[in-house]
Amino acid sequence: MWIIPEREIAGLMTREAAFDAVEKVFAAMAAGDAWNFPVVREAIGHADALYGFKGGFDRAGQVLGLKAGGYWPNNLATHGIINHQSTVFLFDPDTGRPHAMVGGNLLTALRTAAASSVSIRHLARGDAKVIGMVGAGHQAAFQLRAALEQRAFEKVIGWNLHPEMLPNIAGVAAEAGLPFEAVDLPGLRDADVIVTITSSFAPSLMADHVSPGTHLACMGTDTKGKQEVEAALLARATVFADEIAQSTGIGEAQHAVAQGLIAEGAIVELGAVINGTHPGRTSDDEITLFDGTGVGLQDLAVASAVVRRAIEAGIAIEVDV
Ligand code: NAD
């Protein structure tokens, strides 16, 4: 079995490789060649932690495994390490033998950013110039860096409930040589693409804060009860998702479906657009909304790419199990 420690991931994984891995696995999911297993997520009654497993099998890519981990809210204050902790385990699909154990913390950020980036590549208008951010926490910087590679953006605008965090995304705009402007929520009407990445349980972005023709990647809602955008916005949009069951169960669509504003059957897998079995955006006025809840197969796809790279680079540690 190979071990790829967390400290090696930054040197091995690129945004391009994460994009390719996630795009391929979304395509495989929509073609019925890859599927996710039911998610387990439990409050363990210790250290206030939420712990669980996200697993799946990609028959097309021959990747089998799971990500184990979760959220330990006191880590940073008590132990000086980040609160999100995860590890990916891969197994040989032919024999069930363990194949690799891979640090999953940075990979989670990269695969999440890759998902919204894949949605922008396939659904945003080609002439998009202004990107708007709702959220400015840990994930937001990864999201923005990946998104900026998808169109010839000329300006970044952003809103965050805690304005003192906005320098996180202003810094990414500066890295890319782009101007950044802090706006109020109605100011997001100037955006052609909007990424939402907050941990909110109540909507911030309302339906009338979004202009016709906008593409939204809603990435923060990954748990029952969370919500970033007004449910009525989904009724104005064509809604796409990484996986429809997760979208209606723990994603942004949970609210719009429960309120009868959209039908589950109207939600389209992003992979169908990648595969060309759904046209995606069909007009410049259409609002497209990607509900990215984060599936286990994304984790397995990027971990598998890292293992290949680590073995090639002679960095992977081999152990007997
Ligand atoms: P973080 O703690 O670093 O940042 C949280 C962000 O949410 C900040 O911008 C904060 O100002 C904002 N926020 C907090 N409370 C808010 C409220 N009530 N209203 C509006 N904004 C509020 O977290 P992070 O690591 O950046 O993660 C952000 C979200 O993304 C979390 O909900 C996390 O679970 C989710 N996430 C999703 C995926 C996925 O695959 N979809 C993957 C990883 C994380």
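Residues numbered from 1 in each chain as written. Predicted model: local features only at pLDDT ≥ 70, side-chain atom pairs only at ≥ 80, totals over all residues. Heavy atoms only, no water.

Observations concerning the packing of aromatic side chains
According to the stated counting rule, one finds four aromatic pairs in the structure shown. Ring plane angle 90° and centroid distance 5.7 Å describe the contact between W35 and F57, whose orientation is recorded as edge-to-face. With a gap of 22 residues between them, W35 in strand β2 (residues 34-36) and F57 in strand β4 (residues 50-58) connect regions that are remote in the sequence. Between Y51 and F53, the aromatic rings sit 5.3 Å apart at their centres with planes inclined by 75°, giving edge-to-face as the arrangement. Of the residues examined, Y51 reaches a relative accessible area of 30% and is grouped as partly exposed. Taken together through their ring pairs, the aromatic side chains of Y51, F53 and W72 make up a single cluster. (Phe/Tyr/Trp six-rings, centres within 6.5 Å; stacked < 30°, edge-to-face > 60°. Helix = DSSP H or I, 4+ residues; strand = E, 2+ residues; numbered from the N terminus. Buried < 20%, exposed > 50% of the residue type's maximum accessible area, 1.4 Å probe, protein only.)

Looking at the packing of helix α4 (residues 105-123) against helix α5 (residues 138-148)
The geometry of α4 relative to α5 is characterised by a closest axis approach of 8 Å and an angle of 45° between their N-to-C directions. Judged by the angle between their axes, α4 and α5 are oblique. Both α4 and α5 take part in a crossing whose hand is right-handed. Contact residues: α4 offers L106, A109, L110, T112, A113, S116, S117 and I120, while α5 offers Q139, F142, Q143, A146 and A147. The residue makeup of the contact of α4 with α5, split by class, is eight nonpolar, five polar and no charged. (Axes fitted to C-alpha atoms, helices over the stretch in contact; angles between N-to-C directions. Parallel < 35°, antiparallel > 145°, perpendicular 65-115°, else oblique. Left-handed = near helix turned anticlockwise from the far one by under 90°. Contact = heavy atoms within 4.5 Å. Nonpolar A, V, L, I, M, F, W, Y, C, P; charged D, E, K, R; others polar.)

What about the domain arrangement of the protein chain?
According to the domain assignment, the protein chain consists of domain 1 (2-108 + 297-318) and domain 2 (123-294). Relative placement of domain 1 and domain 2: their C-alpha centres are 24 Å apart. Contact with domain 1, which involves 14 residues of that partner, is made by 17 residues of domain 2. Taken together, the two surfaces of domain 1 and domain 2 that pack against each other cover about 1,300 Å², and 57% of this comes from carbon and sulfur. It is R15, F26 and A30 in domain 1 that bury the most area against domain 2; as a group they hold 35% of the surface buried on that side. E149 is paired through a salt bridge with R15; the nearest N and O atoms lie 2.8 Å apart. Connecting domain 1 to domain 2 are four residue pairs in polar contact (both at pLDDT 80 or more). A per-element tally of the side of domain 1 that touches domain 2 places helix α2 (residues 15-30) first, with eight residues. (Domains from an automatic or database assignment. Buried area = accessible area lost by both parts, 1.4 Å probe. Salt bridge = Lys/Arg side-chain N within 4 Å of Asp/Glu carboxyl O. Polar contact = N/O pair within 3.5 Å; in protein donor to acceptor, adjacent residues only side chain to side chain.)

What about helix α6 (residues 167-175)?
All of the buried residues in α6 are I169, V172 and A173. Seen along its axis, α6 keeps its buried residues to an arc of 100°; they face one direction. Opposite the buried face of α6, by more than 90 degrees, sit the exposed residues P167, A174 and E175. The secondary structure elements touched by the buried residues of α6 are β8 (130-134), α5, β9 (155-159) and β10 (180-182). Looking one or two residues beyond α6, the residue adopting positive phi is G177, at roughly 75°. (Arc of directions from axis to C-beta.)

Describing the packing of α4 against helix α11 (residues 296-313)
Where α4 contacts α11, the axes come no closer than 9 Å and their chain directions differ by 115°. When you trace α4 past α11, the crossing you get is right-handed. On the side of α4, the interface is formed by L107, T108, R111, T112 and A115, while α11 contributes Q298, D299, V302, A303 and V306. Residues belonging to the contact of α4 with α11 are distributed by class as follows: five nonpolar, three polar and two charged.

Description of the pattern of salt bridges
Where charged atoms from two side chains of opposite charge approach closely, those side chains can pair. Summed over all chains, the structure comprises ten salt bridges. As a salt-bridge pair, R145 and E175 come within 3.0 Å of each other at their nearest N and O atoms. Pair noted here: R145 is in helix α5 and E175 is in helix α6, with a separation of 30 residues, a long-range link. Judged by its relative accessible area of 25%, R145 is partly exposed.

A look at the sheet that holds strand β15 (residues 237-241)
What the eight strands build is an open sheet, ordered β10-β9-β8-β11-β13-β17-β15-β16; its pairing is parallel. Strands with a single pairing partner mark the edges of an open sheet, and in this sheet they are β10 and β16 (268-269). Bridge analysis of β8 against strand β11 (residues 193-196) gives four bridges, and the strand direction is parallel. Among the inter-strand pairings, I131 is bridged to a residue of β11, identified as V193. On top of the sheet, α4 reaches β11, β13 (215-218), β15 and β17 (287-291); it is set at about 165° to β13, its chief contact. Of the strands in this sheet, β8, β9 and β10 are in contact with α6, which crosses β10 at around 160°. (Pairing = 2+ DSSP bridges.)

Quick notes on the pairing of β9
Successive residues of a regular strand alternate their side chains across the two faces of the sheet. Of all five residues in β9, four are buried; the element is thus mostly enclosed. Alignment of β8 against β9, held across five bridges, turns out to be parallel. Across the sheet, the residue bridging to M133 is G158, located in β9. In the classification by handedness, the crossover that spans β8, the intervening α5 and the parallel β9 is right-handed. With three bridges connecting them, β9 and β10 associate as parallel partners. In the strand pairing of β10, G158 is matched with A182. (Right-handed = clockwise from strand over helix to strand, strands pointing away.)

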